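# Analysis of the macromolecular model
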Amino acid sequence: MKKKIGFGSSCVHGPEEYRTTRPHQLPIYATSSFVFESIEEGMEVFTGQRQGHLYSRFGNPTIDAVAEKIARLESHGMDIDAFGYLTSSGMSAIATLALGLLRPGDAILTQGNLYGGTAELFSKVLEPLNIGLVLARLGDKRAVARVLAEHPSVRMLYFETPANPTLECIDIAGLCELGRQAGCHVVADNTFATPYLQQPLKFGTDFVVHSTTKYLNGHGNSTAGAIIGKSQALMQEAIFPKLKLLGTNCNPWDAWLVNNGLKTLEVRMERHCRNARQVAEWLESRPEVERVNYPGLVSHPSHTLAKRQMRDFGGMLSFELKGGLEAGKQFMNHIKFCSLAPTMGDVDTLILHPASMSHLNVPREIRLDNGITDGLVRLSVGIESVEDIIGDLEQALRIEKS
Ligand SMILES: *Cc1c(COP(=O)(O)O)cnc(C)c1O
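As a starting point, this report considers the structure included with it. Predicted, not measured: the structure shown is a model, and the values here were computed from it.

## Quick word on the sheet that holds strand 8 (residues 289–293)
If you walk across this open sheet you meet the 5 strands as 8-9-12-11-10, and the pairing is mixed. Unpaired on one side and paired on the other, strand 8 and strand 10 (339–340) mark the two borders of the sheet. Where strand 8 lies against strand 9 (residues 316–321), 4 bridges are found, and the strand directions are antiparallel. Each bridged residue has a counterpart across the sheet, and for Val289 the counterpart in strand 9 is Leu321. Across the sheet, helix 11 (residues 265–284) lies against strand 8, strand 9 and strand 12 (376–380), angled at about 15° from strand 9, the strand it touches most. Helix 13 (residues 324–333) contacts strand 9, strand 10, strand 11 (350–352) and strand 12 of the sheet and is inclined by roughly 125° relative to strand 9.

## Here we look at the pairing of strand 9
Of all 6 residues in strand 9, 6 are buried, a share of seventy percent or more. What you see with strand 9 is no split at all: Met316, Ser318 and Glu320 on one side and Leu317, Phe319 and Leu321 on the other are buried throughout.

## Focus: helix 6 (residues 141–150)
Taken together, the buried positions of helix 6 are Ala143, Val144, Val147 and Leu148. Axial view of helix 6: buried residues confined to an arc of 135°, hence all on one face. Among the exposed residues of helix 6, those oriented more than 90 degrees off its buried face are Arg142, Arg146, Ala149 and Glu150. Here the buried face of helix 6 lies against strand 2 (107–110), strand 3 (132–135), strand 4 (154–160) and helix 7 (172–181).

## Let's talk about the site of the ligand
Around the ligand sit Ser89, Gly90, Met91, Tyr115, Asp189, Thr191, Ser211, Thr213, Lys214, Ala224 and Met344, and those are all the residues in its vicinity. Here a nitrogen atom of the ligand and a side-chain polar atom of Asp189 are 2.7 Å apart. Surface burial for the ligand is 91%, taken as the share of its 380 Å² of free accessible area covered by protein chains. The residue makeup of the shell around the ligand, split by class, is 4 nonpolar, 5 polar and 2 charged.

## Here we look at unusual backbone geometry
Residue Pro162 is reached from Thr161 by a cis peptide bond, and omega for that bond is -5°. Omega for the bond connecting Asn164 with Pro165 falls within 30 degrees of zero, at -15°, which places this linkage in the cis form. As for its position among the elements, Pro165 is in the loop between strand 4 and helix 7. Positive phi, close to 60°, is recorded for Leu167, a residue that is not glycine. Position of Leu167 relative to the elements: it lies in the loop between strand 4 and helix 7.

## Side note on the environment of Gly315
Inspection of the secondary structure puts Gly315 in the loop between helix 12 (303–309) and strand 9. Accessibility expressed as a relative area gives 1% for Gly315, which makes it buried. Separated by 122 residues in sequence, Gly315 and Ala193 place their C-alpha atoms 8.6 Å apart. Those residues in contact with Gly315 that lie beyond four places of it in its chain are Tyr215, His272, Ala276, Leu379, Ser380 and Val381.

## Observations concerning the pattern of salt bridges
Counted under the stated rule, the structure contains 12 salt bridges. Asp171 serves as the salt-bridge partner of Lys141, at 2.7 Å between the closest nitrogen and oxygen. Here the residue Lys141 occupies a position in helix 6, and Asp171 occupies one in the loop between strand 4 and helix 7, the gap between them amounting to 30 residues. For Asp171, a relative accessible area of 14% corresponds to the buried category. Two residues, Asp171 and Arg308, come together in a salt bridge whose shortest N-O distance is 3.8 Å. Of this pair, Asp171 sits in the loop between strand 4 and helix 7 while Arg308 sits in helix 12, and the two are 137 residues apart along the sequence. Taking relative accessible area as the criterion, Arg308 reaches 58% and is therefore assigned exposed. Residues joined in a network through salt bridges with shared partners are Lys141, Asp171 and Arg308.

## Considering the sheet that holds strand 2
By definition, the strands of a sheet pair up through backbone hydrogen bonds, in either a parallel or an antiparallel sense. Read from one edge of the open sheet, 7 strands run 1-7-6-5-4-2-3, paired in mixed fashion. The sheet terminates laterally at strand 1 (83–87) and strand 3, the two strands that pair on one side only. Each adjacent strand pair in this sheet contributes to an overall mean axis angle of 20°, direction not counted. Both strand 2 and strand 3 contribute to a ladder of 4 bridges, which runs parallel. Each residue of the ladder has a partner; that of Thr110, found in strand 3, is Leu135. Relative to strand 6 (residues 207–211), helix 4 (residues 90–101) is tilted by about 155°, and along the sheet it contacts strand 1, strand 4, strand 5 (185–189), strand 6 and strand 7 (225–229).

## Quick notes on helix 2 (residues 39–46)
When we look at burial in helix 2, the residues that qualify are Glu41, Gly42 and Val45. All buried residues of helix 2 project into a common sector of 100° when viewed along the axis, lining one side. In this structure, helix 2 carries Ile39, Glu40 and Met43 as exposed residues pointing more than 90 degrees from its buried face. Where helix 2 ends, the next residue or the one after it, Gly48, has phi of about 80°, a positive value.

## Re the packing of aromatic side chains
Under the definition given, this model contains 6 aromatic pairs. Ring centres of Tyr55 and Phe58 lie 5.6 Å apart, and the angle between their planes is 75°; this geometry places the pair in the edge-to-face category. Between Trp253 and Trp256, the aromatic rings sit 5.5 Å apart at their centres with planes inclined by 15°, giving stacked as the arrangement. In this pair, Trp253 and Trp256 are both assigned in helix 10 (residues 252–262), 3 residues apart and thus about one turn of the helix distant. Take Trp253: its relative accessible area is 47%, and that puts it in the partly exposed class. Over the ring of Phe58 we find Lys244, and its NZ or CZ is 4.9 Å from the ring centre.

Basis of the calculations
Residues numbered from 1 in each chain as written. Predicted model: local features only at pLDDT ≥ 70, side-chain atom pairs only at ≥ 80, totals over all residues. Heavy atoms only, no water. Pairing = 2+ DSSP bridges. Helix = DSSP H or I, 4+ residues; strand = E, 2+ residues; numbered from the N terminus. Contact = heavy atoms within 4.5 Å. Axes fitted to C-alpha atoms, helices over the stretch in contact; angles between N-to-C directions. Buried < 20%, exposed > 50% of the residue type's maximum accessible area, 1.4 Å probe, protein only. Arc of directions from axis to C-beta. Near = heavy atom within 4 Å. Polar contact = N/O pair within 3.5 Å; in protein donor to acceptor, adjacent residues only side chain to side chain. Areas by Shrake-Rupley, 256 points an atom, 1.4 Å probe, with all protein chains shown as cover. Nonpolar A, V, L, I, M, F, W, Y, C, P; charged D, E, K, R; others polar. Salt bridge = Lys/Arg side-chain N within 4 Å of Asp/Glu carboxyl O. Phe/Tyr/Trp six-rings, centres within 6.5 Å; stacked < 30°, edge-to-face > 60°. Lys NZ or Arg CZ within 6 Å of the ring centre and 35° of its normal.

Below is the structure:
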């Protein structure tokens, strides 16, 4: 029998849950809160005696399922459990982790060629909170050991490998050993490699962060991030309160988009790697090109190290045009098939000229110091038919020369 409630009430209430059989795919739980069957149940969930969802800023079935999936990928084949949180962006993952682990007076040791947003977060947000920033060449173990000895305030060792824009790699196991001796939290930003190519936890890293906006989503239609940690205690007691109180949580819709992308991560990465290697080899054979930075090339300084700690060499590369800034601009303006876009890791090929785009406002000396020369072009090689990518680069090189 139909319940006798007013028209207005019928508009507001319901619908009843129609779920009978289990959905084959992850549903989007677009709900900000969860209801309790009784006061007792509510109290048990609030006090943590019973597992349950309360409010989506604290957790939500769609978000939690995807966070756990990424944690499983980062710890795949290892004898440990890893724990994960999804955040609203890669930046919020890094900020939440740093604020969770560090106190005023502590310092972060990292590299000069960090992702630009991370470098600014450390210098413009954390330094004013009295969380210090120390830079070193992380590839030079003796330099790192010296800096750690000189700066006992360093409590976090933070790195990216391969790093922008020269794809320089860092010995993860070696760095973790130094970090452990100094009692630091060791954190890897694994955005460039993804867990398919490289698992920093395996080499001793304590935490991994991601901008899932890039390869993990892979389709350029979502912004989110992830924090993965080995220590359940630190994740629950140090990181989670910050995530909850700063409100840096992901939302169910973006989490769902990330999950869609994750389904094809392995096949996409295989193709990204194959295409990138072919493009790198082709570029290396061109007279207009001074140098190609791709860890898969034997000419790359990190080739041996990359072979040791990565399954394959990834989809990112950069190359130097002989004609400098003018050549770079000309070349970029004649690109047709690839897209000029300031992101990476999408299924389509993306191209960036740092000197005139992402690093336009960075003083030239600082740019050069970090390997960003005037003629440097960065390519995020997509999964298209490789002949179309090479064809586009070739016609742009031809025009640039004429
Ligand atoms: C893009 C990126 C970030 C920041 O991620 P957002 O999702 O844009 O906030 C951090 N680290 C690396 C290496 C990145 O490429």
